[in-house]
Amino acid sequence: MTARPTTHHAPEAVATPGLDLSVDLGRGLVLPNPILVASGTFGYGIEYGDVVEVDRLGAICCKGTTLKPRIGNPTPRVTETPGGMLNSIGLQNPGVDTVVEKYAGTWAGWRVPVLVNVAGESVKDYVEVTRRLDGVPGVAGIELNISCPNVGRGGLQFAIDASAAGEVTAAVRRATDLPLLVKLSPNVADVRPIAKAIEDAGADALTAINTLSGIAVSPSRDRPLLGNVFGGLSGPAIKPVALRIVYEVAQSVRIPIVAIGGVTELADVLDYLAVGAVAVQVGTAIFADPTLPVRLIDELAAECGRRGLDSHRPLIGTALPKKRSAPSAKGVEYRP
Ligand SMILES: Cc1cc2nc3c(=O)[nH]c(=O)nc-3n(C[C@H](O)[C@H](O)[C@H](O)COP(=O)(O)O)c2cc1C
């Protein structure tokens, strides 16, 4: 574990004069603005250099990174759905050592913070990947993807169990002083105790949400369509679920929440801020328009200007109840 000085501060060069869109995610990680790009939808950042002003982004969450290289799942791996898509890429990536060797040098020269999205099959895996990222110039922080099978617990995902989620977070926390974000899964009955366990284990921030579990059926209807059977649903279709989760988690933890799920326009960003998120990530929408995230920064700045605000902070949490609301796990239809 290496203590290090703060590496990323909000830049002034690209800011609208008098407007402060910066976001403090803790442990010295201050983003220049609240618009990030989501893991798995923006590669390692360098792929988009010609079409996107990458250095203006709030942060980049790079592709899921594992200890060893992974070839990913059998094809087909993606299919369109109403209002979104299903994917089962299976964390195809060259492994942490190659990621560091090929990309970290470039990241170190960028103003935009790069958060490495870390995945694994055991607590040991997560800790080892983290150790290899710790102290590497260009790595601004870690986003833990805990929607992965925990081989030690019968292959059930870390993200669906408060003790497993807390255990992996605590182990990674002990291994690094890097800013640590942990990504929540929507595929649970009650997300609040899981979020709390992650906070108690020392995470600096939460990201919410990963994809929703789903399947599609092949055109001949003789089998599921995706090679891996199960896929993750993303896109506008999942926004109400993500909003609900951010709304519930914002009332359960004190650490900052970065929202993700179906962001395609400024209204989505404003909705997520209203339910308590301090920032948002853009994912699936990047495939249709890679320039969207940077445009959203300008649109958010303009919106603040229109409202006479010198920061987006007054927009955060305006839709949260004064008193803690009943959890969704109590049901929607039935009222006692
Ligand atoms: C093709 C694809 C690959 C993804 N890969 C990862 C990944 O490696 N790690 C991760 O934590 N999330 C991954 N995600 C999930 C996204 O980061 C995001 O949480 C999700 O897609 C919801 O946001 P969206 O509706 O804006 O796409 C992936 C999503 C897609 C569509």
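Residues numbered from 1 in each chain as written. Predicted model: local features only at pLDDT ≥ 70, side-chain atom pairs only at ≥ 80, totals over all residues. Heavy atoms only, no water.

Comments concerning helix 1 (residues 96-108)
At lysine 102, helix 1 shows its largest bend, some 40°. Listed as buried for helix 1 are Val96, Val99, Tyr103, Ala104 and Trp107. (Bend = angle between axes of the 7 residues up to and from the residue. Helix = DSSP H or I, 4+ residues; strand = E, 2+ residues; numbered from the N terminus. Buried < 20%, exposed > 50% of the residue type's maximum accessible area, 1.4 Å probe, protein only.)

Considerations on the confidence of the model for the chain
Across the chain, the average pLDDT comes to 94, with 94% of residues at 70 or higher. Overall, residues 1-7 carries pLDDT values under 50, and its contacts beyond four positions in sequence, including any with other chains, amount to 15 contacts. Long-range and interchain partners of residues 9-14, a stretch whose pLDDT sits below 50, account for ten contacts in this model, where long-range means more than four residues apart. (pLDDT = per-residue confidence, 0-100. Contact = heavy atoms within 4.5 Å.)

Topic: the sheet that holds strand 8 (residues 141-145)
A barrel is described by the order of its strands in space; here eight strands give the closed sequence 3-4-7-8-11-12-15-16, paired in parallel fashion. Between one strand and the next, the sheet's axes are offset by a mean angle of 25°, whatever the strand orientation. With two bridges joining them, strand 3 (residues 35-37) and strand 4 (residues 59-61) adopt parallel strand pairing. Across the sheet, the residue bridging to leucine 36 is alanine 59, located in strand 4. (Pairing = 2+ DSSP bridges. Axes fitted to C-alpha atoms, helices over the stretch in contact; angles between N-to-C directions.)

Quick word on the nonpolar core
If you look at the biggest cluster of nonpolar residues, it comprises 88 residues, and the most contacted ones within it are Trp107 and Ile146. Ranked by residue count, the leading element in this core is helix 8 (residues 292-306), at seven residues. The contact partners of tryptophan 107, leaving out residues within four places of it in the chain, are Tyr44, Cys62, Val99, Val114, Val116, Gly138 and Val139. Counting residues in hydrophobic clusters, the runner-up holds 14 residues, among them Val23, Leu25, Leu31 and Ala140. (Core = buried A, V, L, I, M, F, W, Y, C linked by side-chain atoms within 4.5 Å.)

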